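# Chains, contacts and geometry: an overview
For reference, the chains in residue letters:
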Amino acid sequence: MGQMPYLYLFIDKFVMSDVIIRVAKLPEEFPVVATIRKIVFQEEQGVDTALEFDGKDDICEHLIAYLDNQAVGTARLRYLDDKTVKIERLAVLSIARRQGIGQKIMEEALEFIVHKNMTEVVVYAQLYIKSLYQKLNFIEVGEIFLEAGIPHIEMRMSLS
């Protein structure tokens, strides 16, 4: 009988840790997206505001990840042409990292993109996270380059 509260807490924690990922309602939810990106890219990584907020957000779709009803992650989908989409600005708050949320955001983004009849996906992966994209079958293209002073590699995936 003494173990019952522990089991209950374990089950309660497991149930509460569901991640919900959905397309952001714009413009009303953009401040949530912007806050996550500001914290991750500007405050943590030192990316300049003008680079992070490049004026392209209005022409993109944005995903938001919720953990226990709190927004903790985001990604931006930018259509380069009628068959190619670039997934950008993948960000997860530090309090929610190491739980697979970034991967779940990417999986949801890829599922969303497939339903839009896109045939190719591009990412500019920060080097420290390129293994995430490799797990999802992205392939490195070209050489390492600096973007906002951070080493990146272009990676692509064909959906056809």
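Note that the structure is predicted; figures quoted are calculated from it, not measured.

### Remarks on helix α2 (residues 30-44)
Residues spaced three or four apart along an α-helix point in a common direction, a consequence of the helix completing one turn every 3.6 residues. Here α2 spans 20 Å end to end across 15 residues, near enough to the 21 Å set by a 1.5 Å rise per residue. Along its length, α2 shows its largest kink, about 35°, at K38. When we look at burial in α2, the residues that qualify are V33, A34, I36, R37, V40, F41 and Q42. On its buried side, α2 packs onto α3 (49-52), β2 (61-67), β3 (70-79), β4 (84-92) and β5 (120-126). At the C-terminal side of α2, G46 shows a positive phi close to 75°.

### Points about the packing of aromatic side chains
Going through the model one piece at a time under the given rule, you end up with 2 aromatic pairs. Ring centres of Y133 and F138 lie 5.7 Å apart, and the angle between their planes is 85°; this geometry places the pair in the edge-to-face category. The pair Y133 / F138 is uniform in exposure class, with both members buried. Stacked on the ring of Y124, the Lys or Arg K86 has its end atom at 3.6 Å from the ring centre.

### Overview of the nonpolar core
Counting 29 residues, the largest nonpolar core has I87, I101, I105, M106, V123, Y133 and F138 as its most contacted members. Where this core is concerned, the elements lending two or more residues are β2, β3, β4, α4 (101-114), β5, α5 (130-135) and β7 (150-158). Counting residues per element, this core draws most heavily on α4, which supplies 6 residues. Once you skip the residues sitting within four places of it in the chain, Y133 turns out to touch L90, M106, V123, A125, F138 and M155.

### A look at the environment of E143
Within the element layout of this structure, E143 appears in strand β6 (residues 139-147). Along the primary structure E143 and I153 are separated by 10 residues, whereas in three dimensions their C-alpha atoms are 6.4 Å apart. Aside from chain neighbours lying at most four places away, what touches E143 is H152 and I153.

### As for unusual backbone geometry
The step from L26 to P27 runs through a cis peptide bond, and the omega angle for that step is 5°. Considering the arrangement of structural elements, one finds P27 in the loop between β1 (19-23) and α2. Its identity as a non-glycine residue notwithstanding, N69 has a phi of 65°, on the positive side. Tracing the sequence through the fold places N69 in the loop between β2 and β3. Positioned with a positive phi, N117 is a non-glycine residue whose angle comes to about 60°. Locating N117 in the fold gives a position in the loop between α4 and β5.

### Examining the pairing of β7
Sheet faces and side chains relate simply in a regular strand, where the side chains alternate between the two faces. Of the strand pairs in this sheet, β5 and β7 are connected by 7 bridges, and their pairing is antiparallel. Counted as the bridge partner of V121 is M157 from β7. Here β6 folds back onto β7, and the loop between the two strands holds 2 residues, one of which, A148, carries a positive phi near 55°.

Rules behind the numbers
Residues numbered from 1 in each chain as written. Predicted model: local features only at pLDDT ≥ 70, side-chain atom pairs only at ≥ 80, totals over all residues. Heavy atoms only, no water. Helix = DSSP H or I, 4+ residues; strand = E, 2+ residues; numbered from the N terminus. Expected span 1.5 Å × (residues − 1). Bend = angle between axes of the 7 residues up to and from the residue. Buried < 20%, exposed > 50% of the residue type's maximum accessible area, 1.4 Å probe, protein only. Contact = heavy atoms within 4.5 Å. Phe/Tyr/Trp six-rings, centres within 6.5 Å; stacked < 30°, edge-to-face > 60°. Lys NZ or Arg CZ within 6 Å of the ring centre and 35° of its normal. Core = buried A, V, L, I, M, F, W, Y, C linked by side-chain atoms within 4.5 Å. Pairing = 2+ DSSP bridges.

That is the geometry; function is a separate question.
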